[in-house]
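# Coordinates in review
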Amino acid sequence: MDAILRDLTPPQREAVQHIDGPLLILAGPGSGKTRVVTHRIANLLHHGIDAHQILALTFTNKAADEMRTRVQGLAPGRPVWMGTFHRFCAQQLRRYASMVGLSENYSIYDTSDSKQAMKRAIEAAGVSTTHTSPEQIAASISHAKNRLIPPEMMTDASSMTARDAIAARVYPVYQQQLLTSNAVDFDDLLFHFARLLRENPDVRSSLDQHYRYIMVDEYQDTNLAQYAIVRALSIQQPNLAVTGDPDQSIYGWRGADLNNILDFEKDYPNVTTVRLEQNYRSTPNILRVADQLIRFNRRRKHKELFTDHPEGDPVVLRIYEDGYEEADDIADQILDAIHNEGLRPRDFAVFCRMNALTRSLEHAMRKRGLPYQIVNGLEFYQRKEIKDLLAYLHLINNPNHDVALLRVINTPTRGIGAKTIARIQQHADRLGIPMLEAARRADEIESLPKRSASMVLNFVRLYDRLRVKATATLEDLLRYLVEETQFNDYLERTSVESTTNNPVANVDELINAAVEFDLQHPDEGSLELFLEQVALVSDVDAFEESDDRVTLMTLHAAKGLEFPRVFIIAVEDELLPHRRSRETEAQYEEERRLLFVGITRAKQWLQLSHCKRRSIRGDMRPVVASAFLTELPREDMRLVESSVDRDFFENEYSDGGYPDSWDLPAIQVGDDATASDDQTSQVQPPVITDEDVCQLPDHEGDDDVVREAVATESSYRRTAKRGKAKVSIAGGLKTAADLMAAGATPPGAYREGAVVSHPSYGQGTIVAVSGRGPKRSVKVKFADEEASFLIAYAAADLSLVQ
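What comes next is a walk through the structure. Please read these numbers as outputs of a predicted model, since none were measured by experiment.

### Observations concerning the overall build of the protein
- From N to C terminus, the protein includes 30 helices and 25 strands.
- Out of the 802 residues belonging to the protein, those deemed buried represent 54%.
- Intrachain contacts of the protein at a sequence separation of at least 6 include 74% that bridge at least 24 residues.

Written out as structure tokens, the structure is:
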């Protein structure tokens with residue numbers, strides 16, 4: 001008993017010693033929650049409660065394993081059932097399988113199995129996927145199951161979208177196929193068991209009597225099905241103890257219901273509530289920053305967070321010029337700390353709102369030889385939509401690449417089915433030629449119907465159009481590829497966008513990578529070189545097996561983890577908070593909780609950062625700092641603003657500022673600046689409308705033109721520093737800065753819709769702009785024809801018409 005209660009604080013001791021009746025443990029971040037839960041289980045065992053009467057439910061196997069190890073240390077030889085909700089339900093369904101139409105040897109479909117079953121069900125239901133996809137239909141059905149909506153009731157659901165209406169037709173067919181196959185998917189494990197308890201009072205009562213003491217970890221993450229299960233098992237024996245924190249509820253987008261924990265005291269009026277408010281993880285200043293942020297939320301349970309740790313370094317807010325500088329500086333900081341402070345790569349984590357933001361970080365880490373891992377997300381170049389586009393590039397570069405052809409011949413879907421592909425492959429094998437060549441001869445394949453042959457030849461003609469662009473800049477090729485294949489339309493139509501992964505944004509990031517590649521290789525750049533770099537990077541990453549790596553992850557994936565040093569990047573409007581969070585106050589508060597979770601992962605040191613500009617679809621555009629930053633306490637933070645020599649562009653962001661709360665101690669870091677803790681400055685952010693992060697505000701004169709010119713000039717400067725920004729104008733070599741100082745028209749002034757005049761072609765309108773730096777080009781529509789110009793060479797002749 002001494003071991004169970006030793007070194008516990010009074011609130012922890014109160015929770016551990018609680019035995020009968022409902023218990024709510026409100027556990028702040030880093031408050032020793034796992035210690036309290038495991039010591040409480042040991043205390044129950046010490047008081048003579050049989051181990052088989054105790055049930056501990058978690059959300060991860062890792063959490064369950066950790067609890068099991070700790071309990072064994074406190075009460076050896078007393079095995080308590082600990083595991084995830086899904087594992088518990090799976091075991092119970094084995095016992096009661098016949099009551100839900102299954103046999104006890106039923107199969108559990110993994111994601112791949114479920115996807116194939118869904119495709120069969122869609123075909124059997126006769127549903128068209130022109131305006132949706134199997135993945136989107138599966139997501140709708142999953143949501144219905146988590147809400148305990150059976151197939152026959154889905155059509156009656158309120159506020160049904162067009163996608164849900166299609167899913168409602170597939171749902172009963174899909175479920176019948178599962179039953180016929182004696183199978184369930186992951187959602188069915190909860191769905192079937194919750195319905196079993198509701199429809200069979202005797203079973204429910206028997207299990208209620210058996211599991212007299214139930215504990216649920218991370219209760220704020222439970223959905224309706226999980227709530228129904230634990231409620232059903234705690235009626236006769238209401239000894240339900242739940243642990244959680246409403247301030248860390250960040251999974252509403254996948255069905256978690258915050259009301260489950262907020263209303264627990266209503267569900268059990270005689271509940272004992274214990275608040276664990278002492279933090280054992282973070283320094284006081286990190287904790288104060290987090291606490292002040294979360295106080296802006298209304299739907300929460302108030303806690304007074306505190307810690308006995310000594311004051312650490314102030315939380316850093318760092319403002320970068322762009323995302324490339326952000327990634328490079330973070331990698332440099334990590335490398336410096338490893339070399340000079342004795343830290344290890346595993347001591348660092350970088351959090352971001354969406355997976356697409358990791359690409360520049362991956363590049364910066366590789367360039368410096370820093371080992372890294374991406375948690376709960378695929379490496380950028382391994383994501384499906386990126387692999388699809390890379391397969392196109394491989395095929396363009398090498399027409400004999402059969403594997404690439406197999407991936408892209410029907411992506412996006414163009415009516416070329418598996419049988420057609422198999423017949424092409426057989427024809428190629430018979431003649432000993434590449435599959436692309438066999439496809440060119442589709443009308444010679446006797447087993448191929450004329451319509452199928454026509455579809456294949458259409459693809460070949462598309463390929464030939466793409467092949468013509470093989471020697472263009474990588475950016476131009478990619479933009480042309482995405483446009484010709486209507487790839488973004490395909491993704492919008494078929495992909496399931498989540499709050500952490502946006503396939504269209506990933507494509508945009510690939511274009512950003514192309515822009516960066518072109519800037520770094522203005523002379524020797526080629527498609528083959530790019531593909532070689534990607535291939536070598538993938539091989540190296542696959543070979544890396546060490547656990548001593550920098551961690552790159554989304555804020556959602558960071559839940560439950562902790563690191564000595566944490567970077568949170570892109571704390572910007574429309575990213576954090578996410579643009580869709582404006583729909584409801586509940587969604588907006590969840591975004592604030594997400595940042596709170598990220599901040600509270602840091603043990604010793606924390607940096608938040610945002611940029612003045614971020615590359616969006618290859619264009620450097622102004623972005624707005626997150627409104628959440630204005631809610632943080634200035635006295636616990638230190639501002640570090642990165643500055644570059646921008647000449648007369650220094651006032652680019654001088655027409656607006658943060659509220660008074662951002663009069664922070666600052667460090668100006670630049671080529672000619674000396675770092676000093678006692679320097680101060682007023683942060684001046686860009687003034688952008690809240691409606692569109694990409695839309696510049698209305699100002700008098702040509703302010704918007706100048707602002708875009710600044711973004712271009714900054715890009716020129718980065719390239720010029722590498723010695724590669726020289727362009728030829730009027731027979732001489734000049735840098736971009738020379739051009740601007742000489743009064744030439746800024747390259748950024750040549751924008752889509754602008755009217756220009758040319759001595760040979762006359763007056764025309766710019767209809768397209770692409771490229772950056774020395775490769776910026778425009779397409780102009782004149783009276784009789786269209787013509788393209790490289791600004792670096794044509795600026796003297798192509799004048800803007802005011």
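Next comes the rest of the write-up.
### Concerning the packing of aromatic side chains
- Per the counting criterion, the structure on display carries 14 aromatic pairs.
- Both rings, one in tryptophan 81 and one in phenylalanine 88, keep their centres 5.6 Å apart while their planes meet at 70°; by these two values the pair is edge-to-face. Accessibility classification places tryptophan 81 together with phenylalanine 88 in one group, the buried group.
- Aromatic side chains phenylalanine 487 and tyrosine 490 sit 5.6 Å apart centroid to centroid with 50° between the ring planes, which places their arrangement in the tilted category.

### Some points on the packing of helix H17 (residues 358-367) against helix H25 (residues 503-520)
- Put simply, H17 and H25 touch, their axes get as near as 9 Å, and they point 40° apart. Classified by the angle between their axes, H17 and H25 sit oblique to one another. Of the residues in H25, those touching H17 at Arg359, Ser360 and His363 are Glu509, Asn512, Ala513, Glu516 and Gln520.
- In terms of residue class, the contact of H17 with H25 is built from 1 nonpolar, 4 polar and 3 charged.

### Describing the nonpolar core
- Core analysis: the largest hydrophobic core is formed by 62 residues, its most contacted members being Val170, Phe193 and Val216.
- Both domains that meet at this core, namely domain 1 (1-98 + 189-277) and domain 2 (107-181), each give it at least three residues.
- Other than its neighbours up to four places away in sequence, phenylalanine 193 contacts Phe88, Cys89, Gln92, Leu93, Asp188, Leu207 and Ile229.
- One finds Tyr381, Ala442, Val460 and Leu527 within the second-largest nonpolar core, a separate group that totals 52 residues.

### Some words on the sheet that holds strand E23 (residues 777-781)
- Pairing within the open sheet is antiparallel, and its 5 strands lie in the order E24-E23-E22-E21-E25. Whereas interior strands pair on both sides, the edge strands pair on one side only; in this sheet they are strand E24 (786-790) and strand E25 (799-800).
- For strand E21 (residues 755-758) and E25, the ladder comprises 2 bridges, and the chain directions are antiparallel. Paired with valine 756 across the strands is leucine 800, a residue of E25.

### Some thoughts on the sheet that holds strand E7 (residues 240-244)
- Read from one edge to the other, the open sheet built from 6 strands follows the order E3-E2-E6-E7-E1-E8, with strand pairing classed as parallel. Where the open sheet ends on each side, the last strands, each with one partner, are strand E3 (81-84) and strand E8 (272-276). Neighbouring strand axes in the sheet, compared pairwise and without regard to direction, differ in orientation by 15° on average.
- In this sheet, strand E6 (residues 213-216) lies alongside strand E2 (residues 54-58) in parallel orientation, the contact comprising 4 bridges. Paired with leucine 57 across the bridge in E6 is valine 216.
- Here helix H4 (residues 61-74) sits on the sheet in contact with E2 and E3, set at roughly 165° to E3.
- Sheet strands in contact with helix H5 (residues 85-95) are E2, E3 and E6, and its direction is about 110° off that of E3.

What counts, and at which threshold
Residues numbered from 1 in each chain as written. Predicted model: local features only at pLDDT ≥ 70, side-chain atom pairs only at ≥ 80, totals over all residues. Heavy atoms only, no water. Helix = DSSP H or I, 4+ residues; strand = E, 2+ residues; numbered from the N terminus. Buried < 20%, exposed > 50% of the residue type's maximum accessible area, 1.4 Å probe, protein only. Contact = heavy atoms within 4.5 Å. Phe/Tyr/Trp six-rings, centres within 6.5 Å; stacked < 30°, edge-to-face > 60°. Axes fitted to C-alpha atoms, helices over the stretch in contact; angles between N-to-C directions. Parallel < 35°, antiparallel > 145°, perpendicular 65-115°, else oblique. Nonpolar A, V, L, I, M, F, W, Y, C, P; charged D, E, K, R; others polar. Core = buried A, V, L, I, M, F, W, Y, C linked by side-chain atoms within 4.5 Å. Domains from an automatic or database assignment. Pairing = 2+ DSSP bridges.

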